[in-house]
Amino acid sequence: MTQTRKIGVCDTTFRDAHQSLLATRLTTADILQLAAEMDKAGFAAMEVWGGATFDSCMRFLNEDPWERLRKIRAAMPNTKLQMLLRGQNLVGYRHYADDVVDMFVEKSLENGIDIIRVFDALNDPRNVERAFAAVKKAGGQLQGALSYTCSPVHDLEYFANLARTYKDMGADSICIKDMAGILHPYDAFELVSLIKQKTGLPLQMHSHYTSGMAAMTYLKAVEAGADILDCALSSVALSTSQPAGETIAASLKGTPYDTGLDLEQLALLSERMKEIRIKYKAFDVADPRVDVNVLLYQMPGGMISNFISQLQQSNAIGKLPAVLEEVPRVRKELGYPPLVTPSSQIVGTQAVLNVLGGERYKIASNETKSYLRGEYGAAPGPVDEEIRRKVIGSAEVVSVRPADLLPPQLEQGREELGDLMESPEDLLSYCIFPQVGRKFFEDRRAARDRGKNENDKIESASFNWDGHKFF
């Protein structure tokens, strides 16, 4: 008889769901419309911060991401809040100095985060070790995430051994991060079984519905011992988002794996989110169809959308099939990096340049050059040395932890930001996104100055109307 084991659901509506479907444009005001009720739903956790939400808040929404976190925390006192951290890249697209990593982790926990999921795009343990240590030192719950992919160098033993490494580095739990939705159900059963054998840690499954397999993958993962499943409210689920929480809860109801979630309550929340989603039609990229390309080319859903946009801008949309065929070649030549931020952008951009440039690697992006110099970390597999020489010549390849080469950043950032800095969190925002951060802080000050001037005018008018003073 199967032992009863309640399965937790981590809801991603406020982070990965709208990042996947609505270009990360969900505002704090709309999040707060649902937050208090979501807090009562009984989720094991809610992913509400990190990933692209930090950048999007400042760049597109004119919002302070730290203020968003504090407001969500205040509205959700009963639910564990979770964030996604890109290892040494934090919430940005390059490595940051260790002093920035330490302070960012500390302030994330201080402002309301409970669980920090840490991953590296290349699965290079050196790129997560500082963030791991910072989470443990600050007293947060540390989840080590495996960037799942398929290649000649990525088999199930590879990921199980990586999970064991992360346990030895202090991880409290493990996440299988299937960002492209390509983990097959029976492979999931084997992988979860292996990880549980090697680590004995709680295991969380994260997948996307792009290929149509994710719900089946979740079921087999649960049967093998997975403890928590990442889902979204059905009105922002499926397509390139996560499986629907209502579907998973209904499927497991009455079984030894019952989630305990109230389907009627979830349905009401989903209906409210459906109404909110209508406001984001201009950014809504959802396509309800299963995308077979993700199985052929292992691309996360957003990559193909980005290709279409880039090629349209170059009046070369007819080159899309050639670009899709070029991606696997570039990925192989770069040593099979998993296609997740930032390596997905590196591989994707280079594939476009190779097709449009007429000669492969005649033009190489700065990011490709940095990657081939080892500045993002160690490639999972062997890099094509002929391609490396063509792109970077005889330049030395980094063999140490890349962040060891970075000088401290906080003091320099403090000097550059000057009196625009109003809090330690401002300093972190600036260090990670200097241009976006400075503009955000300048606009904030200008708005306050305008507000002050308007208040001064109102105050003056209240005491002197048409030459008469009023008291």
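Please refer to the structure higher up on the page.
About the thresholds
- Here the residue numbering is sequential within each chain, running from 1 through the sequence in written order.
- Residues qualify for local features only when their pLDDT is at least 70, as the model is predicted, and side-chain atom pairs are given and counted only at 80 or more; totals for whole chains, interfaces and linings, by contrast, use all residues.
- Based on all heavy atoms of the structure, the side-chain values leave hydrogens and waters out of the count.
- Per-residue accessibility, obtained with a 1.4 Å probe over protein chains only, is compared with the maximum for each type, and a residue is labelled buried under 20%, exposed over 50%, and partly exposed between these values.
- The helix and strand labels rest on DSSP assignments: H or I over at least four residues marks a helix, E over at least two residues marks a strand, and numbering proceeds from the N terminus.
- The pairing criterion is simple: DSSP has to find at least two bridges between the two strands.
- Using a 1 Å grid laid over the protein atoms alone, points where a 1.4 Å probe fits but cannot get out form a cavity; open sets with protein on both sides within 12 Å along at least 5 of 7 lines form a pocket; any residue with an atom within 4 Å of a point counts as lining.
- Grid points are joined across faces, edges and corners, and a volume is the space filled by probe spheres set on the points.
- Three classes are used: nonpolar for Ala, Val, Leu, Ile, Met, Phe, Trp, Tyr, Cys and Pro, charged for Asp, Glu, Lys and Arg, and polar for all others, with Gly counted as polar.
- Fitting a line to C-alpha atoms yields each axis, with helices limited to the stretch in contact; the angle taken between N-to-C directions then spans 0 to 180 degrees.
- The contact criterion used is simple: two residues touch if any of their non-hydrogen atoms lie within 4.5 Å.

## Looking at the pairing of strand β2 (residues 45-50)
Move 1: Most of β2 sits inside the fold, with six of its six residues counted as buried.
Move 2: For strand β1 (residues 8-11) and β2, the ladder comprises two bridges, and the chain directions are parallel. Its bridge partner lying in β2, Cys10 is registered against Ala45.
Move 3: Relative to strand β3 (residues 81-85), β2 runs parallel, the two being bridged by four bridges. By the bridge assignment for β3, Glu47 is matched with Gln82.

## Observations regarding empty space enclosed by the protein
Think of a ball as big as a water molecule: rolled over the atoms, this probe shows where empty space is left.
Move 1: Applying the stated criterion across every chain yields a total of one cavity of 30 Å³ or more.
Move 2: Considering only enclosed or pocket space, the largest cavity measures out at about 60 Å³ in volume.
Move 3: What lines the largest cavity is simply Asn89, His95, Asp120, Ala121, Leu122, Pro342, Ser343, Ile346, Tyr371 and Tyr376.
Move 4: A breakdown of the residues in the lining of the largest cavity according to their chemical character gives six nonpolar, three polar and one charged.

## What to know about the sheet that holds β1
By definition, the strands of a sheet pair up through backbone hydrogen bonds, in either a parallel or an antiparallel sense.
Move 1: If you walk around this closed barrel you meet the eight strands as β1-β2-β3-β4-β5-β6-β7-β8, and the pairing is parallel. With direction set aside, neighbouring strand axes in the sheet form an average angle of 30°.
Move 2: Set on the sheet, helix α7 (residues 156-168) makes contact with β5 (141-147) and β6 (173-178); between it and β5 the angle comes to about 160°.
Move 3: Helix α9 (residues 214-224) contacts β7 (203-207) and β8 (228-231) of the sheet and is inclined by roughly 170° relative to β7.

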